[in-house]
Amino acid sequence: MASYSPALIEEEPNGGPPSVSSESSQESMKLKKEISLLNGVCLIVGNMIGSGIFVSPKGVLIHSSSYGLSLVVWAIGGIFSVFGALCYAELGTTITKSGASYAYILESFGGFLAFIRLWTSLLIIEPTSQAVIAITFSNYMMQPIFPTCIAPYLANRLLAAACICLLTFVNCAYVKWGTRVQDYFTYAKVIALIAVIITGLVKIGQGHTQNLEDMFVGSSQDPGDIALALYSALFSYSGWDTLNFVTEEIKNPERNLPLAIAISMPVVTVIYLLTNVAYYTILPINAILDSDAVAVTFADKVFGVMNWTIPLAVALSCFGGLNASILAASRLFFVGSREGHLTDSLCYIHIFRYTPIPALLFNGLMALIYLCVEDVFRLINYYSFSYWFFVGMSILGQLYLRWKEPNRPRPLKLSLVFPIIFCFLTVFLVVVPLYSDTVNSLIGIGIALSGVPVYKLCISIPAHKRPIWLRKLIAECLGFSYMVIIDRRRPTTKVVNHSPKPQSWNYVLTGSRDQNQSGPASVRLTMRKRTNFGVGIQKVCYCVPTDLDEDDDKLR
């Protein structure tokens, strides 16, 4: 078995064959670990507590039909969400890659399912949710300007676009800027909810408990309604996986990732329960169900001239939630590119700022495109099925890795009771949308399956077996493309360029192959470049040996 040891190979400026450099190694370009425990807590809390608890926490109440049963459902939803978050804490400390469920599915079940997860996020989940959050932010910021009418459509969308562009710029500038924005806006939304909670508790202390008497009277007895109420609660708790998208940037992730989850989940559960108690103390059931923004109705009754603070708090909550979503989604696209599932340019890193600028710009562009869809709120109905399906696949992967790799180091190792219970719960979360919203769920499944031919043509089929037109198209889409071909007839490695040659690339080739074997061997090529624009690029390619053929000669 002949082996390739790490060596630095530099491409000649005149386009000739690469030559070996005197340097034996080069420091790899990667994201810096700048996210502390406090930043991690704020990311999780800030993404979980969005505008929903302010605007429409009535999804649980409308199906449970009583205050008492709705609070029980909120508590059960919080407990189940803790189970899922703890499972992700184990996965995040075992598989220390950014990307959350994408990385875990890739590790457990391979590239196909991971690509479908990435494809679904790319087309629906991330850009749609960000567009909706930005529009909600814009609506509440416009409300004081247009108090008696609906804000103009164009003005609303332009403000939403400005919000997305501003947060994209902040996250491109420095990771610390993004985390500081997240910290401050998380503090703001938590303070606003604490004000609501304190107001409700004061009213209870003053004897305003008539709405809380006979709390379980009229509770729904229909299992289907209770299931839908629980589904609404669990969806409100979603976002506990936010920190797993940035695992590689967490300081001491083996400690801080599970600790941040352990702190955040009880905090959010308690805040949700006490906020609903405050709402129920002041507002009767009919008022809550008829309100378009429950927190605003609450403020109108108890805050007097200070009622403007709640619309502002909703806007700040949306701003912070959008920042967390942009931070997480950009890392998902960054990791997808690094694994070869998206265009190479998305895994570029700025060499001074250590931020994935192309991935952030791509994410921002997708969100802006979806802002142009007039009925964008309808699109968000398509991804409930896909979201919970892939969360369930991640937890199933946890069980699979426990069986396949029992001796793998696990800084945090849970009892199997937690992933098993949550696997059954995700089955419930996948079935409920099919039952309650069949058409939209089937559309969501169709969107996910549309990634199958893309995977087969652009990823699954080896590069040397693709038609020339497809190879050229992929090369143009990627901006450049290099093929590493190990010719079994010669013991040399050739770097074949079939697009305009970038300058000053360094190549590090590692791996091994048997010169007499007939099957493929794994070869790893790391390409590094420092550009004039301050962007450091590192692309890792995993290649297989192949015989040179006529097509490769044409490409050369």
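Calculation rules
Residues numbered from 1 in each chain as written. Predicted model: local features only at pLDDT ≥ 70, side-chain atom pairs only at ≥ 80, totals over all residues. Heavy atoms only, no water. Helix = DSSP H or I, 4+ residues; strand = E, 2+ residues; numbered from the N terminus. Buried < 20%, exposed > 50% of the residue type's maximum accessible area, 1.4 Å probe, protein only. Contact = heavy atoms within 4.5 Å. Areas by Shrake-Rupley, 256 points an atom, 1.4 Å probe, with all protein chains shown as cover. Axes fitted to C-alpha atoms, helices over the stretch in contact; angles between N-to-C directions. Parallel < 35°, antiparallel > 145°, perpendicular 65-115°, else oblique. Left-handed = near helix turned anticlockwise from the far one by under 90°. Disulfide = S-S within 2.5 Å. Expected span 1.5 Å × (residues − 1). Nonpolar A, V, L, I, M, F, W, Y, C, P; charged D, E, K, R; others polar. Bend = angle between axes of the 7 residues up to and from the residue. Salt bridge = Lys/Arg side-chain N within 4 Å of Asp/Glu carboxyl O. Phe/Tyr/Trp six-rings, centres within 6.5 Å; stacked < 30°, edge-to-face > 60°. Core = buried A, V, L, I, M, F, W, Y, C linked by side-chain atoms within 4.5 Å. Polar contact = N/O pair within 3.5 Å; in protein donor to acceptor, adjacent residues only side chain to side chain.

1. Comments concerning the overall build of the protein
Secondary structure summary: the protein contains 21 helices and 9 strands in total. Within the protein, buried positions represent 54% of all 556 residues. Of all intrachain contacts in the protein linking residues separated by at least 6 positions in sequence, the fraction that spans at least 24 positions is 76%. Per element, the accessible surface of the protein, about 23,800 Å² overall, is 64% carbon and sulfur.

2. Considering the packing of helix α8 (residues 175-205) against helix α10 (residues 253-282)
Each pair of packed helices gets described by two things: the angle between the helix axes and the distance between those axes. At a closest axis distance of 8 Å, the pairing of α8 and α10 adopts a crossing angle of 50°. The orientation of α8 with respect to α10, classified from their angle, is oblique. Between α8 and α10 lies a crossing whose hand is left-handed. In contact with V190, L193, V196, I197, G200, K203 and I204 of α8, α10 contributes I271, L274, T275, V277, A278, Y279, T281 and I282.

3. A short note on the environment of G111
Assignment of secondary structure puts G111 in helix α6 (residues 111-142). G111 sits 349 residues away from S460 along the chain, and the two C-alpha atoms are 8.7 Å apart. The contact partners of G111, leaving out residues within four places of it in the chain, are L106, H341 and Y455.

4. A short note on the state of the cysteines
This model, assessed by the stated rule, comprises 0 disulfides. The thiol sulfur of C423 is not disulfide-bonded, and the nearest other cysteine sulfur, from C87, lies at 7.6 Å. Take C423: its relative accessible area is 13%, and that puts it in the buried class.

5. Some points on helix α16 (residues 384-404)
With 21 residues, α16 extends 30 Å from end C-alpha to end C-alpha; this agrees with the ideal 30 Å at 1.5 Å per step. Within α16, 15 of the 21 residues are buried, leaving the element largely enclosed by the surrounding structure.

6. Details of the environment of L289
With respect to the secondary-structure elements, L289 resides in helix α11 (residues 285-290). Along the primary structure L289 and G59 are separated by 230 residues, whereas in three dimensions their C-alpha atoms are 8.9 Å apart. Aside from chain neighbours lying at most four places away, what touches L289 is K58, L61 and I62.

7. So, the packing of α10 against helix α12 (residues 294-302)
Contact pair α10 / α12: the axes reach a minimum separation of 10 Å and the direction vectors enclose 55°. In terms of their interaxial angle, α10 and α12 are classed as oblique. For the crossing formed where α10 meets α12, the hand is left-handed. For the pair α10 and α12, contact is made by A278, Y279 and I282 and by V294, A295, F298, K301 and V302, respectively. The class makeup of the residues in the contact of α10 with α12 is 7 nonpolar, no polar and 1 charged.

8. Observations concerning α6
Between its first and last C-alpha, α6 extends 44 Å over 32 residues, near the 46 Å set by a 1.5 Å rise per residue. Most pronounced at S121, the bend in α6 amounts to some 55°. Here α6 lies mainly inside the structure; 26 of its 32 residues are buried.

9. Overview of the pattern of salt bridges
Counting across every chain of the model gives 8 salt bridges. For the salt bridge of E90 with R402, the shortest nitrogen-to-oxygen distance reads 2.8 Å. Of this pair, E90 sits in helix α4 (residues 67-94) while R402 sits in helix α16; the two residues are 312 residues apart in sequence, bridging distant segments of the chain. A relative accessible area of 14% places R402 in the buried class. Taking the shortest distance from any N to any O, the salt bridge between R408 and E107 comes out at 3.0 Å. Linking R408 in the loop between α16 and α17 (417-436) with E107 in helix α5 (residues 101-109), this pair joins segments that are 301 residues apart in sequence. For E107, a relative accessible area of 27% gives the class partly exposed.

10. Topic: the packing of aromatic side chains
The description of an aromatic ring pair uses the distance of the two centres, along with the angle that the planes make with each other. The tally for this structure, following the rule as stated, stands at 23 aromatic pairs. Residues Y279 and F298 carry aromatic rings whose centres are separated by 5.7 Å and whose planes lie at 70° to one another, so their mutual orientation is edge-to-face. Separated by 19 residues along the polypeptide, Y279 in helix α10 and F298 in helix α12 bring together distant segments of the chain. We classify Y279 as buried; its relative accessible area is 1%. Taken together, a centroid distance of 6.0 Å and an interplanar angle of 85° make the contact between F298 and F303 edge-to-face. The pair formed by F298 and F303 is uniform in burial state, with each residue classed as buried.

11. Structural notes on the nonpolar core
With 141 residues, the main nonpolar core has F54, W240, L243 and Y280 as its most contacted residues. The element best represented in this core is helix α13 (residues 309-338), accounting for 16 residues. Setting aside residues no more than four positions away along its own chain, Y280 makes contact with L61, Y67, S70, L71, W74, N211, L212 and I288.

12. Section: the side chain of T269
Take T269: it is sitting in helix α10. Among the polar contacts made by the side chain of T269, one reaches the main-chain carbonyl oxygen of M265 at a distance of 2.9 Å. Contacts of T269, omitting those with residues within four sequence positions, involve G78 and Y237.

13. Regarding unusual backbone geometry
Unusually for a residue other than glycine, S65 sits at a positive phi of about 70°. Along the chain, the position of S65 falls in the loop between α3 (59-64) and α4. For N252, which is not glycine, the phi dihedral falls at a positive 50°.

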